[in-house]
Every structure is written in structure tokens, then in C-alpha cells.
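# What the coordinates show
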Amino acid sequence: MFLYGIWGCFGLSSCVVQHHHHVGDPCVVYSLYEVLTALSAASREIRKEPVTPSTLRIALSNLYPDSSFFQEAQMNDASEVLAVIFDCLHRSFAQSPSLSDTDSSESNYTGSWDCANRTCSAHSLFGMNIFDQMNCYSCGLESRHMKYTSFFHNINASALRNMKTAFDKLLNLVEMNHQLACDPETGGCGKPNHIRHFLTTPPHVFTAGWQNTCESVEDIAATLAALNTEIDISIMYRGLDPKSIYSLASVVCYYGQHYHCFAYSHEHDRWIMYDDKTVKVIGSRSDVLSMCKKGHLQPQLLLYEKQR
């Protein structure tokens, strides 16, 4: 269901899909393209018909024939579904080998990035290539060098509720409170310090995942109150231009065994709710938050799109 909120971000043209490598039977990428094409057509039609993602679900389920993953009548975690789609897109379009430590001048960093191919839709639109390092405030040692690719910025909702400031600053403060010891094995003093995160290139879509899986009504309301429709990711990640602003484009929520998706329509300047076959205009951001609170809907994925 989250596809309704991000279908415009994948950039899968018919020309691109014709030259991809098939993944799965039926092909997951082609099934995704069919769903996105149908969504695009439905958005232009006066008489709206529901778009079913059944072909994509069948393609995904065939990837895991011996498990309950993506099977009919089974509910899967939205972030897991998105991660599998990213993996299929990467396998379908990326031809170059992954970046290794020898491919980069940062040879003192352990780890590697997932993809070096700019034609890979998943990594070019959603991926974040990150450098981590610790600069000890006590002894001055620079240590704990790591580089990796991430698709999600995980949110600790309970930590957010304990602070009162803007959402992007909240995310940064939560990271600052997560500390490790200055590495004694490399001559460090062992005192606690936070890790600095450097982002090489900002993604087109910044995806935040809500870590907590079971929240009370009061906790959901308190965390929702901290959400902003705009965030500046340069507050959380170094190496970016100041004011790297992203706007909230979609919120995927769940309650019990059911998912809802809220997506912002630039064309109508309104938020729209997608609930299975039901498509309903909700209104403003405050209307969305009010519906989440009343319906006990817990956000699981927040998708922010880079402002042009």
C-alpha cells in the first residue's frame, strides 16, 4: 500500500524497463512497473478505479516459495517489503560491481558501499552512502571509521517523546545521545563520544522508519505531535549543503493487522488516504494527524521528498 505514496519517485520508464534484467517469475520489476503505470493512469482519469497490487504481490511471493513471506492473507512489515523491492531493483539494473575499499581514497574506513552504478534506481533515488567516524572530545583521537549504504533512518519514537524541539533537531539529538567509547584498541582513552555521520550525496527520497512496534494511544499522539512536514537533513548528516530541505510526501501507518497510507497530492494540495480499495481526500496535515490519533494508527514509514 505504501506504493501509492511513492509511485512517482521510482523513475521506471518503459524504455528503462525494456532493458532490465528479470528478477523472479513473474518479474518483480515489471510487475512494479505495471502497478506504477496503472497508478499514473488512474491519477489522470475522472472516474477513479482502484488499482490492485496483486501482480506485484504474486511476483514477490514467488521469491520466497517455501515461506509465508508475501503470501496471500499474510501481512508483512512495510519496511521489509520496501527493502525487498529495493534489492530487486538493484539486481535488475546495477551492472557494476560494488564499491570496495580499494575503489575509494578513504582506505582507512572499514566496510563498503552497496552500489557504484548511477543507473540503479534504488540506490540513486533512495540510497544513502554514509561515512561514520568518532572524534574524541577528550583525547582528540579520530577512530571508528566505517562506511556503508543505508536506505532507512531509523527513529526511536520513545526517545523523541522526551525532547521538545523541531523534528530534524530531535533526530539529531537522539543520535547524539547514542554514544560509544573512544576505541582503546587504537590508542583511544575509552571515554564516551557520539558518532559523526557524513553523507556523500543526499537522496531524492529520505525514508525514516519508526522502530517501536507497539505503542499506546498516548505515545502515538505524543510522537505525532513532533512530526514536521519539512526537515533539514543537513542537521543530522554532515557534508551536505545547509538547508537540505525535504518535504513529507507519504506516511505509512498500521493498526492491528491492517495498513493505511497517507500521501500528499501536489496537484490538489491535499493529503489523500489509501485504505485497500478506499481512496479518500483527508485535507491538511493536521487532519492526517487527527485521523491517526483517533484511529490509533501508528506510523511505520515516513517518506520525505527532496525539495527542488
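Rules and cut-offs
Residues numbered from 1 in each chain as written. Predicted model: local features only at pLDDT ≥ 70, side-chain atom pairs only at ≥ 80, totals over all residues. Heavy atoms only, no water. Pairing = 2+ DSSP bridges. Helix = DSSP H or I, 4+ residues; strand = E, 2+ residues; numbered from the N terminus. Axes fitted to C-alpha atoms, helices over the stretch in contact; angles between N-to-C directions. Salt bridge = Lys/Arg side-chain N within 4 Å of Asp/Glu carboxyl O. Phe/Tyr/Trp six-rings, centres within 6.5 Å; stacked < 30°, edge-to-face > 60°. Buried < 20%, exposed > 50% of the residue type's maximum accessible area, 1.4 Å probe, protein only. Lys NZ or Arg CZ within 6 Å of the ring centre and 35° of its normal. pLDDT = per-residue confidence, 0-100. Contact = heavy atoms within 4.5 Å. Disulfide = S-S within 2.5 Å.

On to the sheet that holds strand E2 (residues 142–150), then. Backbone-to-backbone hydrogen bonds pair the strands of a sheet. The strands run either parallel or antiparallel. Read from one edge of the open sheet, three strands run E2-E1-E6, paired in antiparallel fashion. The sheet is open, and its two borders are formed by E2 and strand E6 (196–199), each paired with just one other strand. Pairs of neighbouring strands in the sheet enclose a mean axial angle of 25°, with direction left out of account. Here strand E1 (residues 128–135) pairs with E2 via seven bridges, running antiparallel. Looking at E2, one finds that Met-134 is bridged to Ser-143.

The linkage connecting Asp-25 with the following residue, Pro-26, adopts the cis geometry, with an omega of 0°. Along the polypeptide, Pro-26 turns up in the loop between helix H2 (14–18) and helix H3 (28–44). Residues other than glycine seldom take positive phi values, yet Arg-144 does so here, at roughly 55°. Mapped onto the elements, Arg-144 comes out in strand E2.

Now for the pattern of salt bridges. Two side chains with opposite charge may pair up if their charged atoms get near one another. One pass over the full model with this rule turns up one salt bridge. For Arg-91, the salt bridge goes to Asp-87, with nearest N and O atoms at 3.2 Å. Taken together, the residues Arg-91 and Asp-87, both in helix H5 (residues 78–93) and four residues apart, mark about one turn of the helix.

Another aspect to go through is the packing of aromatic side chains. Tallying each qualifying case throughout the model produces 10 aromatic pairs. Between Trp-113 and Phe-131 the ring centres are 5.0 Å apart and the planes differ by 65°, which places this aromatic pair in the edge-to-face class. In this pair, Trp-113 sits in the loop between H5 and helix H6 (121–125) while Phe-131 sits in strand E1, placing the two residues 18 residues apart along the sequence. Each member of the pair Trp-113 and Phe-131 is classed as buried. Ring centres of Tyr-264 and Trp-271 lie 5.6 Å apart, and the angle between their planes is 55°; on these two criteria the pair is classed as tilted. Judged by relative accessible area, Tyr-264 falls into the partly exposed class, the value being 26%. Three or more aromatic residues joined by ring pairs form one cluster here, namely Phe-86, Phe-126, Phe-151 and Phe-152. Over the ring of Trp-113 we find Lys-147, and its NZ or CZ is 5.3 Å from the ring centre.

A separate point is the confidence of the model for the protein. Residues with a pLDDT of 70 or more make up 79% of the protein, whose mean pLDDT is 80. Low pLDDT, under 50, characterises residues 96–105; the stretch is placed with 17 contacts to residues that sit more than four places away or in other chains.

What follows is about the side chain of His-90. The residue His-90 is located in helix H5 in this model. Those residues within four positions of His-90 in sequence are excluded, and the remaining contacts are Asp-114, Cys-115, Cys-120, Ala-122 and His-123.

Applying the stated criterion to the full structure yields zero disulfides. With no disulfide of its own, Cys-120 lies closest to Cys-115 among cysteine sulfurs, the gap being 4.1 Å. Take Cys-136: it sits in no disulfide, and the sulfur closest to it among the cysteines is that of Cys-189, at 3.6 Å. Classification of Cys-136 by relative accessible area gives buried; the value is 6%.

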